[in-house]
There are 4 protein chains.
Amino acid sequence: MAELYFQGKKVYYEVHGDTGETLVLLNGIMMSTASWLPFVECLSKTNRLILVDFLDQGQSERIEAGYDHSIQVEVLEAVLAELSGKLSCEKYNIMGISYGGEVAIQYALAYPNRVRRLILANTCARTSGWLKKIGDGWNEVAKCGSGLAYYLTTIPIIYSTRFFEERAEWMEGREKMLTEYFARADVREALIRLTDSSREYDVSDRLGEIKCPTLVISSSEDALVPMTEQKLIHERIKGSSYVTINGSGHASMYEVPEAFAALTAGFANLPDNCIKI
Amino acid sequence: MAELYFQGKKVYYEVHGDTGETLVLLNGIMMSTASWLPFVECLSKTNRLILVDFLDQGQSERIEAGYDHSIQVEVLEAVLAELSGKLSCEKYNIMGISYGGEVAIQYALAYPNRVRRLILANTCARTSGWLKKIGDGWNEVAKCGSGLAYYLTTIPIIYSTRFFEERAEWMEGREKMLTEYFARADVREALIRLTDSSREYDVSDRLGEIKCPTLVISSSEDALVPMTEQKLIHERIKGSSYVTINGSGHASMYEVPEAFAALTAGFANLPDNCIKI
Amino acid sequence: MAELYFQGKKVYYEVHGDTGETLVLLNGIMMSTASWLPFVECLSKTNRLILVDFLDQGQSERIEAGYDHSIQVEVLEAVLAELSGKLSCEKYNIMGISYGGEVAIQYALAYPNRVRRLILANTCARTSGWLKKIGDGWNEVAKCGSGLAYYLTTIPIIYSTRFFEERAEWMEGREKMLTEYFARADVREALIRLTDSSREYDVSDRLGEIKCPTLVISSSEDALVPMTEQKLIHERIKGSSYVTINGSGHASMYEVPEAFAALTAGFANLPDNCIKI
Amino acid sequence: MAELYFQGKKVYYEVHGDTGETLVLLNGIMMSTASWLPFVECLSKTNRLILVDFLDQGQSERIEAGYDHSIQVEVLEAVLAELSGKLSCEKYNIMGISYGGEVAIQYALAYPNRVRRLILANTCARTSGWLKKIGDGWNEVAKCGSGLAYYLTTIPIIYSTRFFEERAEWMEGREKMLTEYFARADVREALIRLTDSSREYDVSDRLGEIKCPTLVISSSEDALVPMTEQKLIHERIKGSSYVTINGSGHASMYEVPEAFAALTAGFANLPDNCIKI
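Our subject in this report is the structure included herewith.

What counts as what
- Residues numbered from 1 in each chain as written.
- Chains lettered and ligands numbered in written order.
- Predicted model: local features only at pLDDT ≥ 70, side-chain atom pairs only at ≥ 80, totals over all residues.
- Heavy atoms only, no water.
- Helix = DSSP H or I, 4+ residues; strand = E, 2+ residues; numbered from the N terminus.
- Rg over C-alpha atoms; globule rule 2.2 N^0.38 Å.
- Buried < 20%, exposed > 50% of the residue type's maximum accessible area, 1.4 Å probe, protein only.
- Lys, Arg positive; Asp, Glu negative; His and termini not counted.
- Charge placed at Lys NZ, Arg CZ, Asp CG, Glu CD.
- Least-squares fit on C-alpha atoms with pLDDT ≥ 70 in both.
- Contact = heavy atoms within 4.5 Å.
- Expected span 1.5 Å × (residues − 1).
- Buried area = accessible area lost by both parts, 1.4 Å probe.
- Salt bridge = Lys/Arg side-chain N within 4 Å of Asp/Glu carboxyl O.
- Polar contact = N/O pair within 3.5 Å; in protein donor to acceptor, adjacent residues only side chain to side chain.
- Nonpolar A, V, L, I, M, F, W, Y, C, P; charged D, E, K, R; others polar.
- Pairing = 2+ DSSP bridges.
- Phe/Tyr/Trp six-rings, centres within 6.5 Å; stacked < 30°, edge-to-face > 60°.
- Axes fitted to C-alpha atoms, helices over the stretch in contact; angles between N-to-C directions.
- Parallel < 35°, antiparallel > 145°, perpendicular 65-115°, else oblique.
- Left-handed = near helix turned anticlockwise from the far one by under 90°.
- Right-handed = clockwise from strand over helix to strand, strands pointing away.

### Concerning the overall build of chain A
Okay, step 1: Along its length, chain A carries eleven helices and eight strands.
Okay, step 2: For chain A, the C-alpha radius of gyration of 18 Å lies close to 19 Å, the compact-globule estimate for 277 residues.
Okay, step 3: If one aligns the C-alpha atoms of chain A with their principal axes, the spans along those axes are about 55 × 40 × 40 Å.
Okay, step 4: Taking all 277 residues of chain A together, the buried fraction comes to 66%.
Okay, step 5: Of the charged side chains in chain A, 28 are positive and 37 negative, and the gap between their average positions amounts to 4 Å.

Laid out in C-alpha cells, this is it:
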C-alpha cells in the first residue's frame, strides 16, 4: 500500500485504520505483511495498524550483501519517521514476534523516545549457541535445493503438536504452498541472509536500559525459542509483565489468535500510568 | 453510586465511563467494589465499567440464612437487567476472579444471551474436596475470634512469595487494615456465609454448554486455586483460550496489574468473529 | 529403638537394615520417625536406614526455651557421631524433606565431611517473608485451642487436590487422628516452637559452599514451599541435579511414594564419580 | 560382547555385572550400545546391565526392507529369552529412552510376564502428526547427502540451550564425529529406515493394559517429544509415577546423568510391593 526508499532499497509497508493507539506489528523471519491478513480487519477497528516488510521480506527489496539485523532497525526507523510526519504520531506501540521481537528490542534501545509500549512475543535477547546451530541447519538444508526439505525442517517445529493435529487440513495447505515457495532459489537465498542476520545478535546485557512498559509473551510449547529466553527478558526489563499462552507453539498468533490479539491490543491500548497498586 | 433491591435486600453497584464495550468485574470472596479502585480510571477510559457488591459483600446488604452462590447469579441478573434498560446494552463482557469467576460461569450457563465474552481469572468450575477443607479451615479460624489469625490464614496464601517480598510495605498496610476489619464479628460472619456458599458448587459437567468466546487466566504461583482447575475449564469450554500470568499468586489483579488489565480489556474489546485462521 | 542425650535432653533415633549405603531421613515439621513407617521395610532392604526425632518431635524430648533450628543440626551431629563409632560409617547420605531439608542444608554446611550425598525434597534455603507469615498464622491458630482449626489450617495445604480426592478415605483417617492429636496443648506448644525455630532461617548466600553431589526435588503442586525456592537451591549448588515430581503436593513422600523412594535410594546408592559425560 | 541371530540377522548385545536387579537399557534412534558407555561402570556395580543394538543400529545387522518397529520388539524378546536361560532371570526391569521407550511399551504389551518394572524416558505412545513431519524432514535431509545438514537438523534439537552452551566443547566433539558418521550413505540409509519404522506407531489406546510398576520421565526442555506426550502415558498407565528432569532437553541421560541414573536404578531396584500408604 505504501513504500519508501531506504539506502536505495524499496521498503514496503501498510497502514490500516485511523483510530486509537498506533500499533506496529513486526514479522518473524518467514513472515511478511501478508501474514497479518487474518488480524487486519479486527485490529484496525480499535487501532491504527502499521505493518512493515523488512528488507529481504515480502514486497520489500532483496539485498545481496551480508548484514546483521540492526539494518532492519534503521528500516523501521525510516518508516516510523516518515509516518510521524504523516500521522502526527510521536510514539508507537510496537509488537514484535520472534525475529520481529529481536528488531523491536533493538529499536527500543536505539530510539527509546519513539516507543510508547513494547510487546515481545516468542522472542529472545540473544541468539544462543543452540539457536545458532538451528539456524545453521536451516541454511545447510536451504543449500540442498529441496523446497520440501526446507519446509519440513523449518515449519512443523514452529507449531505445537496439538495445533498440528487439530488443524491438519490447514497445515496441509501450508505445506503445499510453502513447499512450492521454498523451491525458489531466490526465496531460499533471502531466507539464508535473514537467518544469518540474527547470528551474532546479543543485547542481553542491555535490557536494563529499556524503560517503557513492556509485556513479554511466551508459548508453553515453543520448541524454537524456549521459555527460558523470555524469562531472561522479563527478569532484566524492570517492571515488565510476563504471560504464557498455554498449548501454543512458536507461532502463537496463529495457534491461539484471540489470546494473541487480546494481549497485543489490550496492552497497547492501556492508558498511561493509570493503574496504581 | 447506585443501588437496587433484590428480594428486599439492597444491592450496591457502580457504573464508570460511558464509552466502548461494557465490562463487568466480579469480586473475589474478600473483595468489594472498592477493591477495583486502582483500575477504575484506567479501564473506564476504554470501557463502560460495571462493579457489583454481591450480597454479604461491601455496601450490599447482609443476609442471615444459609445460601449457595447461585443467589449471587440472580443478584447479578437483577443488576444487568436494570442496566440493560438504562444503558441500552444487550450483552455484557464479564470478568470474574475467584468467587466472582464461579458466579460468572453460572451466570453464563443461566443467561447465555446476556454474555458477549467471558473472562475467568484464578477460578474453578467446582469446589474440590481439597478446597472445601481450606474453606472449612477459614471458617473454623473465623470462630476463634482473632482478626489476626483470620488475616494470617486467608490473606498471605493468595499472594506469591515474590510479590509479598517486593511489596513488603504494601502488605504491612494490608495486614494492619484487614486485621482490624476481620476483628469485627459481623465481618467474619458474612465471610463464613460467603465461604459456605461455594461449598457444594460443581458445574464441571456443564462447561460444554458455554458457547461464548472465553478466556481462561491462571497464575503460575496460585496456591489457592491451582492451575489444574483452570486447565479443566479450558479443556471443557470448546474454543476457549488459556493464558498464565507468570510470577503471580491468586490475587493476579494486584500482582501483575498491567497484564491483568491488558488481558481483560483486550479480550473484552475484540470485535466479533474477526480473526479467521 | 535407640536414644542418646544431647545437652541433657533425650534424642530418639532408629536404625534399620545393615547393608548398603547409609541413608538418613530427616523429618518435616509435623512428622516423626513414625511417619517413615511405610518406607522402612522397603528402604532397609537396600540401605542402612537412620531415622531421627528432632527435639520437640515424636519420642525426643520437649524443650521449653525458644531456639532456632541450628540446634537440630547439633542433635543430628550427636546421633551421627555416635553411629560413626558403632557402624564404622564415615559418611552419610542425607535426605531431608521440608524442615528436615533445612536442617540437612545447615548440616552439610557445618559438617561437610560427614555428608556423602544430599537429597533435598520440598525444602528451601530461607524462610521467605511470605513463609514467615504462613508460620505465624499456624501459631496464631494454635493459640485458639481448637485441634480442628489447627488441622484444617496446616494439613490440607500440604496435599495436592488430586491426592486429596483420590485418597479421600485416607485423608479422613488423618483428619480424625490429627485433630485429636492437635487438640493437646503440649503438642501445639511443641509445634509452635518448631515453627518459630525456622523463622529467621536464611542460608541462601552460603549454598555455594556445598560441594557434595546434591539432588533437589520439588513437587509441581507444592503450595507451601513453591518450586521457585527449590530452583534457587539448584541454581546455587553447583552441579546439583533438579527434578520435579508431577501431580504431587508438599508431602511428596506420601503422594507419589515410589518416585520419592526411587529418587532417594537411587541417588544415595550411586557409586562415586562413576558417570562421566 | 555377545550376539545371536534373529531371522538370520545378527543381533549384538552386552551384559555387564552379575549382581542385583537385571536392568535393560534400550537405545534412542541414533544411539547404540556404545552410547551407554559412560553409565556402564556405574550401573553395573548395582545391577546386571543388558544393552542391545536394535537391527539397523550399532553392531547389529542392517536390514533392507521396510519394517515397523514391532520387529525390534521381537529382537528384544529373542535376546531376553536367550538370557533367561543363561542368567536364570525371569523378569526384567526395562528402561527405554525415546525410540527405545516406544519399543519398551510395545514389549510390555506383548510380553507382560517378562517385565518387572518399566521406565519410560522422553518417549511417547504414538507418533503424532507433528512428529511424523519432523521425521519426514530428517529423511528428506538425509537424501541431500550432506553429513553436516543431517547433523544440524537432528542433533542440536535434542539438547537444551543450557547444556549446549555449558558443554560447548563436548558438543563440538559430537559435531565433528557425527558429521563424519552421517556423511556415510549406509548410515543415513539405516537412519531413514529406523525413522520410518516409527511412522505408524500408535499404542495410546492400549496403555491401560500395562499393569507393572511404571515410571514416566520427561525433560522440561524436550523440544522433540514434548511433555504433553509423557503426561498422556502417565494418565493412561494406572498407578504410574511421573517426574520431570528440569533444565534438560530430550537427551536427558547426557544432560543430567546423575538424575537419570538415580531414577533408573532407583526405580528398578525398589523391592516388590513394599511401600504402602
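### Focus on the relation of the copies chain A and chain B
Okay, step 1: With an RMSD of 0.0 Å, the operation that places chain A on chain B is a rotation of 180° combined with a shift of 0.0 Å along the axis. When the rotation and shift are considered jointly, the pair of chain copies conforms to a two-fold rotation axis. Identified as the residue of chain A closest to the rotation axis by C-alpha distance is A:G266, at 1.8 Å.
Okay, step 2: A share of 100% of the interface residues of chain A reappears at the interface of chain B, consistent with the copies meeting face to face through the same patch.

### Considering helix α2 (residues 70-87) of chain A
Okay, step 1: Between the first and last C-alpha of α2(A) there are 25 Å, a value that for 18 residues agrees with the 26 Å anticipated at 1.5 Å per step.
Okay, step 2: For α2(A), the set of buried residues is A:I71, A:Q72, A:V73, A:V75, A:L76, A:E77, A:V79, A:L80, A:L83 and A:S84.

### Brief notes about the interface of chain A and chain B
Okay, step 1: Between chain A and chain B, the residue contacts involve 34 residues of the former and 34 residues of the latter.
Okay, step 2: Buried surface at the junction of chain A and chain B, both sides included, amounts to about 3,000 Å², of which 66% is carbon and sulfur.
Okay, step 3: There are two salt bridges connecting chain A and chain B.
Okay, step 4: At the boundary of chain A and chain B, one finds nine residue pairs in polar contact (both at pLDDT 80 or more).
Okay, step 5: Put simply, the parts of the chain that give the side of chain A that touches chain B at least two residues each are α1 (37-46), β8 (241-245), α10 (252-255) and α11 (257-268) of chain A.
Okay, step 6: With eight residues, α11(A) is the single largest residue contributor to the side of chain A that touches chain B.
Okay, step 7: Of the residues that constitute the side of chain A that touches chain B, the class distribution is 22 nonpolar, six polar and six charged.
Okay, step 8: Bridge analysis of β8(A) against strand β8 (residues 241-245) of chain B gives three bridges, and the strand direction is antiparallel.

### Details of the environment of B:K9
Residues and elements named next belong to chain B.
Okay, step 1: Within the secondary structure, K9 is located in strand β2 (residues 9-16).
Okay, step 2: Sequence-wise, K9 and V75 are 66 residues apart; in three dimensions their C-alpha atoms are separated by 9.7 Å.
Okay, step 3: Every residue in contact with K9, bar those within four places of it in the chain, is listed here: L4, L55, E61, R62 and I63.

### Thoughts on the pattern of salt bridges
Okay, step 1: This structure, assessed with the given rule, holds 80 salt bridges over all chains.
Okay, step 2: Residue B:K10 is joined to B:E3 by a salt bridge in which the shortest nitrogen-to-oxygen separation is 3.9 Å.
Okay, step 3: Given the relative accessible area of 23%, B:K10 is considered partly exposed.
Okay, step 4: A salt bridge links B:R199 to B:E200, with the nearest nitrogen and oxygen atoms 3.5 Å apart.
Okay, step 5: Residue B:E200 is classed as exposed on the basis of its relative accessible area, which comes to 62%.
Okay, step 6: Ionic contacts of the salt-bridge type, sharing partners, join the residues A:E21, A:R116 and A:D272 into one network.

### A closer look at the packing of aromatic side chains
Aromatic ring pairs: the centre-centre distance and the angle between the two ring planes describe each pair.
Okay, step 1: Per the stated rule, a full pass over the model turns up 44 aromatic pairs over all chains.
Okay, step 2: When the centroid spacing of 6.1 Å and the interplanar angle of 20° are considered together, the rings of A:W36 and A:F260 count as stacked. Of this pair, A:W36 sits in the loop between β3 (22-26) and α1 while A:F260 sits in helix α11, and the two are 224 residues apart along the sequence. For the pair A:W36 and A:F260, a shared accessibility class is recorded, and that class is buried.
Okay, step 3: On the basis of an interplanar angle of 45° and a centroid distance of 5.9 Å, the ring pair of B:Y181 and B:F182 is categorised as tilted.
Okay, step 4: Judged by relative accessible area, which is 35%, B:Y181 ranks as partly exposed.
Okay, step 5: In textbook terms, an aromatic cluster arises when at least three aromatic residues are bridged by ring pairs, as seen for A:Y159, A:F163, A:W170 and A:Y254.

### Quick look at helix α5 (residues 147-154) of chain C
Okay, step 1: Within α5(C), seven of the eight residues are buried, which leaves the element mostly enclosed by the surrounding structure.
Okay, step 2: Taken as a whole, α5(C) has its buried residues at C:G147, C:A149, C:Y150, C:Y151, C:L152, C:T153 and C:T154.
Okay, step 3: Buried positions along α5(C) lie against α4 (129-144) and α5 (147-154) of chain B together with α4 (129-144), α7 (168-182) and α8 (185-197) of chain C.
Okay, step 4: Structurally, the start of α5(C) carries an N-cap: the backbone nitrogen of C:L148 is 3.3 Å from a side-chain oxygen of C:S146.

### Topic: the side chain of A:Q72
Okay, step 1: Looking at where A:Q72 falls in the secondary structure, it is placed in helix α2.
Okay, step 2: If we skip the residues at most four places from it in the chain, A:Q72 touches A:F54, A:L55, A:Y67, A:Y99, A:V103 and A:L194.

### Considerations on the packing of α5(C) against α7(C)
Residue and element names in this part refer to chain C.
Okay, step 1: Interaxial distance between α5 and α7 falls to 8 Å at its minimum, and their mutual angle equals 130°. One way to sum up the angle between α5 and α7 is to call them oblique. As α5 runs across α7, the sense of the crossing is right-handed. Residue-level inspection shows G147, L148, Y150, Y151 and T154 of α5 in contact with α7, the latter providing M171, R174, E175, L178, T179 and F182.

### Brief notes about the pairing of strand β5 (residues 92-97) of chain A
Residue and element names in this part refer to chain A.
Okay, step 1: With six of six residues buried, β5 is to be regarded as a mostly interior element.
Okay, step 2: The side-chain alternation of β5 yields two buried faces, one formed by Y92, I94 and G96 and the other by N93, M95 and I97.
Okay, step 3: For β3 and β5, the ladder comprises four bridges, and the chain directions are parallel. Each residue of the ladder has a partner; that of L23, found in β5, is N93.
Okay, step 4: Note on the crossover from β5 through helix α3 (residues 99-110) to strand β6 (residues 115-121): the handedness is right-handed.

### A word on the side chain of B:E175
Okay, step 1: On the secondary structure map, B:E175 appears in helix α7 (residues 168-182).
Okay, step 2: The class for B:E175 is buried, based on a relative accessible area of 18%.
Okay, step 3: With sequence-adjacent residues up to four places away left out, B:E175 is seen in contact with B:L148, B:Y151 and C:K133.

### Things to note about the pairing of strand β3 (residues 22-26) of chain D
All names here are of chain D.
Okay, step 1: Counting buried positions along β3 yields five of five residues, so the element is predominantly enclosed.
Okay, step 2: Of the two faces of β3, the one carrying T22, V24 and L26 and the one carrying L23 and L25 are both buried.
Okay, step 3: Traced from β3 through helix α1 (residues 37-46) to strand β4 (residues 48-52), the parallel crossover comes out right-handed.

### Brief notes about unusual backbone geometry
Okay, step 1: Positioned with a positive phi, A:Q7 is a non-glycine residue whose angle comes to about 50°.
Okay, step 2: Tracing the sequence through the fold places A:Q7 in the loop between β1 (2-6) and β2 (9-16).

### Description of the packing of helix α4 (residues 129-144) of chain D against helix α5 (residues 147-154) of chain D
Each pair of packed helices gets described by two things: the angle between the helix axes and the distance between those axes.
Residues and elements named next belong to chain D.
Okay, step 1: Interaxial distance between α4 and α5 falls to 8 Å at its minimum, and their mutual angle equals 165°. Considering the angle they form, α4 stands roughly antiparallel to α5. Note on packing geometry: the crossing formed by α4 with α5 is right-handed. On the side of α4, the interface is formed by W138, V141 and A142, while α5 contributes A149, Y150, T153 and T154.
Okay, step 2: Among the residues making up the contact of α4 with α5, the classes are represented as five nonpolar, two polar and no charged.

### A short note on the environment of B:C89
Residue and element names in this part refer to chain B.
Okay, step 1: Relative to the assigned elements, C89 resides in the loop between α2 (70-87) and β5 (92-97).
Okay, step 2: Separated by 105 residues in the primary sequence, C89 and L194 place their C-alpha atoms 30 Å from one another.
Okay, step 3: When near neighbours in sequence (up to four residues on either side) are disregarded, C89 contacts T22 and S84.

### Regarding the environment of C:Y242
Okay, step 1: Among the structural elements, C:Y242 can be located in strand β8 (residues 241-245).
Okay, step 2: Sequence separation between C:Y242 and C:V216 is 26 residues; the distance between their C-alpha atoms is 4.7 Å.
Okay, step 3: Those residues in contact with C:Y242, other than ones at most four positions away along the chain, are C:V216, C:S218, C:M227, C:Q230, C:K231, C:H234, D:T244, D:I245 and D:N246.
Okay, step 4: In this structure the side chain of C:Y242 is engaged in a polar contact, spanning 3.2 Å, whose partner is the side chain of C:S218.

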